[in-house]
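Take a look at the letters that make up each chain.
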Amino acid sequence: MSSVPNTFENVKAVILSAHKNSTARDKISFYNSWAKNYEQDLAVLDYRAPILATSRISSHFSGAPEAAVVLDVACGTGLMAKQMKKNGYEHFVGVDGSEAMLEMARQSGLYEDLKQCMLGEDPLPGKWAGSFDVVVIVGALSVGQVPVEVARDLCKFAKPGGYICMTTRSNRDNLQYKASLEGLLGQLEEEGLWTRVEVTEVQQWERAVSEHEDGYIPGVVYLYKKL
Ligand SMILES: C[S@@+](CC[C@H](N)C(=O)[O-])C[C@H]1O[C@@H](n2cnc3c(N)ncnc32)[C@H](O)[C@@H]1O
């Protein structure tokens, strides 16, 4: 990590450089190269998704948070575990495609288990099915990152009665992805696999970095309960 915070213009340039990544593997290489500066750069972007997602989970989770086991999908460097720990959660298992991001998560000392996994390509361990009190995926369901179909797995790995919390961006570049995601979330509800608890639209999600947007972009937190 650099001792001097990056400027907004530099962070924007770093993120825009990733837009040319054409494959999921390219994207993971980008995260491998970004891992050491990721948290510092996201603070410059005013990235609040972990705080927003944790607040929605905590408003509804009625069990003892210290006993809950949380699966953090696309955990990155561990920002969700850091935030949830502040709200009393203590047990975390993480998966991510980027070995360098996972190494940062490992160094946080917050995860009981961490696995490298290309979501959408590699299956998660079958023995995990139905075993988590809370499953989260924050900052990773968006165009060019984790495929929409992974939402079905998120549901599969939660315990009956467990919560599944997901976020996505609502800015122009991600609207088609968001529509597909919401289609699948609704389909899983029709299949009787989960029920929607709440959907929270947030206007000031994070600072905009694309060439055609200014200020802040909107985003959304979805919270479902497995049946
Ligand atoms: C914006 S970061 C979010 C990390 C963390 N959840 C947070 O909120 O800080 C996106 C993460 O998703 C991971 N990722 C993106 N696409 C992936 C894929 N197809 N399979 C596994 N991980 C992926 C990246 O390696 C990165 O760590």
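Since we're looking at a predicted model, the values are computed, not measured.

Within the protein, the secondary structure is distributed over seven helices and seven strands. When the elements of the protein are put in sequence order from the N terminus, they spell out α-α-α-β-α-β-α-β-β-α-β-α-β-β. Taken against the 2.2 N^0.38 rule, which gives 17 Å for 227 residues, the C-alpha radius of gyration of the protein at 17 Å falls within 12% of a compact globule. Referenced to the eigenvectors of the C-alpha coordinate spread, the extents of the protein come out at roughly 45 × 35 × 30 Å. Across the 227 residues in the protein, those meeting the buried criterion constitute 40%.

Turning our eyes to something else, we now look at the nonpolar core. Counting 62 residues, the largest nonpolar core has V73, V134, V135, V136, I137, L154 and C165 as its most contacted members. For this core, the element with the most residues is helix α2 (residues 24–44), which contributes six residues. Leaving out residues up to four positions away in the same chain, V134 has contacts with I57, F61, A68, V70, G162, Y163 and C165.

For the rest of this paragraph, the subject is the pairing of strand β7 (residues 216–226). Burial runs high along β7: eight of the 11 residues are buried. Both strand β5 (residues 158–169) and β7 contribute to a ladder of seven bridges, which runs antiparallel. Residue pairing across strands places R169 opposite G219, the latter belonging to β7. Where strand β6 (residues 194–207) lies against β7, 10 bridges are found, and the strand directions are antiparallel. Across the sheet, the residue bridging to V199 is Y222, located in β7.

Neighbouring the ligand are 23 residues, the closest being A74, G76, G97, S98 and G139. Among the secondary structure elements, those contributing two or more residues to the shell around the ligand are α2, α3 (49–60) and α4 (79–86). Here the residues of the shell around the ligand sort into 15 nonpolar, six polar and two charged.

Okay, the pairing of strand β3 (residues 111–116) next. Sheet topology note: the strand β2 (residues 91–96)/β3 ladder contains five bridges and is parallel. Across the sheet, the residue bridging to V95 is K115, located in β3. In this fold, the crossover linking β2 to β3 by way of helix α5 (residues 99–108) has right-handed handedness.

What follows is about the packing of α3 against α4. What describes two packed helices is the angle between their axes and the distance between those same axes. For the pair α3 and α4, interaxial distance at closest approach is 9 Å and the crossing angle is 45°. What the angle tells us is that α3 and α4 run oblique. α4 is crossed by α3, and the crossing has right-handed handedness. Together, P50, I51, A53 and T54 of α3 and L79, M80, Q83 and M84 of α4 make up the contact between the two elements.

All right, on to the environment of Y177 then. Of note, Y177 is situated in helix α7 (residues 175–190). Between the C-alpha atom of Y177 and that of G162, which follows or precedes it by 15 residues, the distance is 25 Å. Once residues within four sequence positions are removed from consideration, Y177 is found in contact with S142, V143 and V148.

Right, let's get into the UniProt feature "domain: Methyltransferase" (unreviewed entry) in the protein. As annotated in UniProt, the feature "domain: Methyltransferase" (unreviewed entry) corresponds to residues 70–162 in the numbering used here. Secondary structure content for residues 70–162 is 28% helix and 29% strand, and the end C-alpha separation is 10 Å.

Bringing α2 into the picture now. The end-to-end C-alpha distance of α2 is 25 Å, clearly below the 30 Å that 21 residues give at a rise of 1.5 Å each. At A35, α2 shows its maximal bend, which comes to roughly 75°. If you check which residues of α2 are buried, you get I28, Y31, W34, A35, Y38, D41 and L42. Its buried side turned inward, α2 meets α1 (8–18) and α5. Residue D46 follows α2 closely and has a positive phi angle near 60°.

Rules and cut-offs
Residues numbered from 1 in each chain as written. Predicted model: local features only at pLDDT ≥ 70, side-chain atom pairs only at ≥ 80, totals over all residues. Helix = DSSP H or I, 4+ residues; strand = E, 2+ residues; numbered from the N terminus. Rg over C-alpha atoms; globule rule 2.2 N^0.38 Å. Buried ≥ 20, exposed ≤ 12 C-beta atoms within 10 Å, placed from the backbone. Core = buried A, V, L, I, M, F, W, Y, C linked by C-beta atoms within 7 Å. Contact = placed C-beta atoms within 7 Å. Pairing = 2+ DSSP bridges. Near = placed C-beta within 6 Å. Nonpolar A, V, L, I, M, F, W, Y, C, P; charged D, E, K, R; others polar. Right-handed = clockwise from strand over helix to strand, strands pointing away. Axes fitted to C-alpha atoms, helices over the stretch in contact; angles between N-to-C directions. Parallel < 35°, antiparallel > 145°, perpendicular 65-115°, else oblique. Left-handed = near helix turned anticlockwise from the far one by under 90°. UniProt positions renumbered as here; feature names shortened; annotations may be inferred. Expected span 1.5 Å × (residues − 1). Bend = angle between axes of the 7 residues up to and from the residue.

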